[in-house]
Amino acid sequence: GQQVQQSPASLVLQEGENAELQCNFSSTATQLQWFYQSPGGSLVSLLSNPSGTKHTGRLTSTTVTKERRSSLHISSSQTTDSGTYLCARDTNAYKVIFGKGTHLHVLP
Amino acid sequence: GALVYQYPRRTICKSGTSMRMECQAVGFQATSVAWYRQSPQKTFELIALSTVNSAIKYEQNFTQEKFPISHPNLSFSSMTVLNAYLEDRGLYLCGAGQGGDTQYFGPGTRLLVL
C-alpha cells in the first residue's frame with residue numbers, strides 16, 4: 001500500500017542539540033510536506049519539498065526522490081520545538097497520506 | 001498566499017448530538033477538499049474527498065450518512081459529524097487543493113464528545 005514511515009518514533013534532546021527526522025515513503029511522491037503539530041494539536045505546515053534541499057530558519061529538509069526518503073534537520077533545538085513532526089506525501093489523487101510522526105521533546 | 005481556515009478551532013458536544021465544522025480557502029480556488037480525522041494516539045486518516053464536478057468519495061469506514069459534506073463553491077466546505085459519540089473525538093483536518101497540486105491544510109477542528 002501507499003505508506004509513509006517516520007523515524008524515530010520519539011526523540012528527546014537537550015536544548016541546543018540538533019535533531020534529524022526521517023521519512024520514507026513507498027512510492028514516488030509529487031509533493032512531500034513536513035508539518036508540525038503542537039502539543040495542543042493544531043497543525044502547521046513547515047516545508048513542502050518534493051525533491052532537493054530546502055531551508056527555512058533552523059529547518060532544513062532534504063528529499064531524495066529516487067530513494068523515496070526525506071529528512072528534516074532542526075538545528076539548535078529549543079524547548080518550543082517540542083511537539084510532533086509529521087511527514088505527508090500526496091497520492092496523485094488529490095489526497096495525502098500522513099506518517100505517524102516523530103514526537104520531539106526538547107529539555108531545557 | 002494560500003491559506004486555509006477552519007472553524008471552530010475547538011468544540012465540545014454531547015454524546016448523540018451533531019456538530020458542524022467549516023473550512024475556508026483563501027488566496028486560491030479549492031477545486032478539491034479532503035477531510036481527515038486524527039483520533040487519539042493515531043495519525044490522520046482520510047474521511048472523504050470532494051472534487052469539483054465529481055461525487056464526494058468516502059473512504060472505507062466513513063459514510064455520507066455519518067459525515068455529510070458540502071462543497072458549494074471553490075472557497076468553502078463544511079462537514080457535519082452526525083450523532084457524535086466518544087469514538088468520534090479527535091482533530092478534524094481540512095486539506096484544500098487546486099488542480100492536484102499541493103494541498104494546503106487548516107489548523108484543524110478539535111472535537112471533544114462528552
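Please refer to the structure higher up on the page.
Values in this document were obtained by computation on a predicted structure and should not be read as measured data. (Residues numbered from 1 in each chain as written. Chains lettered and ligands numbered in written order. Predicted model: local features only at pLDDT ≥ 70, side-chain atom pairs only at ≥ 80, totals over all residues. Heavy atoms only, no water.)

Chemist: Looking at this structure, I do not really get the overall build of chain B. What am I missing?
Modeler: Secondary structure summary: chain B contains zero helices and 11 strands in total. Relative to the compact-globule value of 13 Å for 114 residues, chain B shows a C-alpha radius of gyration of 13 Å, a close match. Of all 114 residues assigned to chain B, the portion counted as buried reaches 48%. Of the roughly 5600 Å² of accessible surface on chain B, a fraction of 50% belongs to carbon and sulfur atoms. Taking the average location of the 10 positive side-chain charges in chain B and that of its 7 negative ones, the two points are 9 Å from each other. (Helix = DSSP H or I, 4+ residues; strand = E, 2+ residues; numbered from the N terminus. Rg over C-alpha atoms; globule rule 2.2 N^0.38 Å. Buried < 20%, exposed > 50% of the residue type's maximum accessible area, 1.4 Å probe, protein only. Areas by Shrake-Rupley, 256 points an atom, 1.4 Å probe, with all protein chains shown as cover. Lys, Arg positive; Asp, Glu negative; His and termini not counted. Charge placed at Lys NZ, Arg CZ, Asp CG, Glu CD.)

Chemist: What am I meant to see in the sheet that holds strand E8 (residues 69-74) of chain A here?
Modeler: Residues and elements named next belong to chain A. If you walk across this open sheet you meet the five strands as E1-E3-E8-E7-E6, and the pairing is antiparallel. Either end of the sheet is taken by a strand with one partner, and the two such strands are strand E1 (4-7) and strand E6 (52-56). Neighbour-to-neighbour, the strand axes of this sheet turn through a mean angle of 15°, independent of strand direction. Of the strand pairs in this sheet, E6 and strand E7 (residues 59-64) are connected by five bridges, and their pairing is antiparallel. (Pairing = 2+ DSSP bridges. Axes fitted to C-alpha atoms, helices over the stretch in contact; angles between N-to-C directions.)

Chemist: Is there a simple way to explain the state of the cysteines in this structure?
Modeler: When the sulfur atoms of two cysteines share a covalent bond, that bond is a disulfide. Residues and elements named next belong to chain A. All told, the structure shown has two disulfides over all chains when counted by the stated rule. Across the disulfide from cysteine 23 sits cysteine 87; the S-S distance is 1.9 Å. The sign of the S-S torsion, about -65°, decides the handedness of the disulfide formed by cysteine 23 and cysteine 87: left-handed. You can see cysteine 23 sitting in strand E3 (residues 19-25) and its partner cysteine 87 sitting in strand E9 (residues 83-90), a full 64 residues away along the chain. Of the two residues examined, cysteine 23 and cysteine 87, each falls in the buried class. (Disulfide = S-S within 2.5 Å.)

Chemist: Whenever I open this one, the pattern of salt bridges confuses me. Can you help?
Modeler: Residue and element names in this part refer to chain B. Under the defined criterion, the tally for this structure stands at seven salt bridges over all chains. Among the salt bridges present, the one from glutamate 45 reaches arginine 37, with a minimum N-O distance of 3.9 Å. Glutamate 45 gets classed as partly exposed once you look at its relative accessible area, which sits at 30%. Two residues, arginine 37 and aspartate 88, come together in a salt bridge whose shortest N-O distance is 3.3 Å. Placement of arginine 37 in strand E4 (residues 32-38) and of aspartate 88 in the loop between strand E8 (76-81) and strand E9 (90-97) is noted, with a sequence separation of 51 residues between them. In this pair, the class of arginine 37 matches that of aspartate 88, namely buried. When salt bridges that share partners are traced, they join Arg37, Glu45, Lys66 and Asp88 into one network. (Salt bridge = Lys/Arg side-chain N within 4 Å of Asp/Glu carboxyl O.)

Chemist: Sorry, what's going on with the side chain of A:Thr84 here?
Modeler: All names here are of chain A. Turning to its location among the elements, threonine 84 is positioned in strand E9. A relative accessible area of 12% means that threonine 84 is categorised as buried. A distance of 2.8 Å separates the side chain of threonine 84 from the side chain of histidine 103, its partner in a polar contact. Aside from chain neighbours lying at most four places away, what touches threonine 84 is Phe35, Tyr36, Gln37, Gly101, Thr102 and His103. (Polar contact = N/O pair within 3.5 Å; in protein donor to acceptor, adjacent residues only side chain to side chain. Contact = heavy atoms within 4.5 Å.)

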